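What the coordinates show
Letter by letter, the chains look like this.
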Amino acid sequence: MLNVSSDAAVTPYGRWGAYGASKAALHHLTRIWEQELASSGVRFISLDPGDMDTAMHAAAVPDADTSSLKRPEVAARELPM
């Protein structure tokens, strides 16, 4: 099971309270499920793909160098399968 997390799970960003809290909860649940279901053979991974070039990121970090950001469609192809 692969859950897509975010650095917002551990780094506080202004106006991202609900998003950060939900990603922190997802990361924590992933760790719990990994322990609870270890004997089932199912692996649980929480992945932070890094800074993405999205409207949400631009609103939170308007001065970011977009040339250093990942494009969502490219990052999706790079996910481990």
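**Remarks on the overall build of the protein**
Per the secondary structure count, the protein includes 3 helices and 2 strands. The order of helices and strands in the protein, counted from the N terminus, is β-α-β-α-α. The C-alpha extent of the protein, read off along each of the three principal axes, is 45 × 30 × 15 Å. Classification of the 81 residues of the protein by burial places 17% in the buried group. When the accessible area of the protein is evaluated, it comes to approximately 5600 Å², of which 59% is carbon and sulfur surface. For the protein, the distance from the average position of its 7 positive side-chain charges to the average position of its 10 negative side-chain charges is 4 Å.

**Re the side chain of S5**
With respect to the helices and strands, the residue S5 is situated in the loop between β1 (2-4) and α1 (17-36). In contact with S5, not counting residues within four places along its chain, are K23, H27, S46, L47, D48 and P49.

**Topic: the layout of surface pockets**
Here the largest pocket is characterised by a volume of approximately 250 Å³. Around the largest pocket, the lining comprises 16 residues; the ones closest to its centre are S6, Y19, G50, M52 and T54. Secondary structure elements with two or more residues in the lining of the largest pocket: α1 and α2 (55-60).

**Focus: unusual backbone geometry**
Of note in this structure, R15 is not a glycine but carries a positive phi near 70°. Here R15 falls in the exposed class, since its relative accessible area comes to 73%.

Each value, and the rule that gives it
Residues numbered from 1 in each chain as written. Predicted model: local features only at pLDDT ≥ 70, side-chain atom pairs only at ≥ 80, totals over all residues. Heavy atoms only, no water. Helix = DSSP H or I, 4+ residues; strand = E, 2+ residues; numbered from the N terminus. Buried < 20%, exposed > 50% of the residue type's maximum accessible area, 1.4 Å probe, protein only. Areas by Shrake-Rupley, 256 points an atom, 1.4 Å probe, with all protein chains shown as cover. Lys, Arg positive; Asp, Glu negative; His and termini not counted. Charge placed at Lys NZ, Arg CZ, Asp CG, Glu CD. Contact = heavy atoms within 4.5 Å. 1 Å grid on protein atoms, 1.4 Å probe; cavity = no way out; pocket = protein on both sides within 12 Å on 5 of 7 lines; lining within 4 Å. Points joined across faces, edges and corners; volume = space filled by probe spheres on them.

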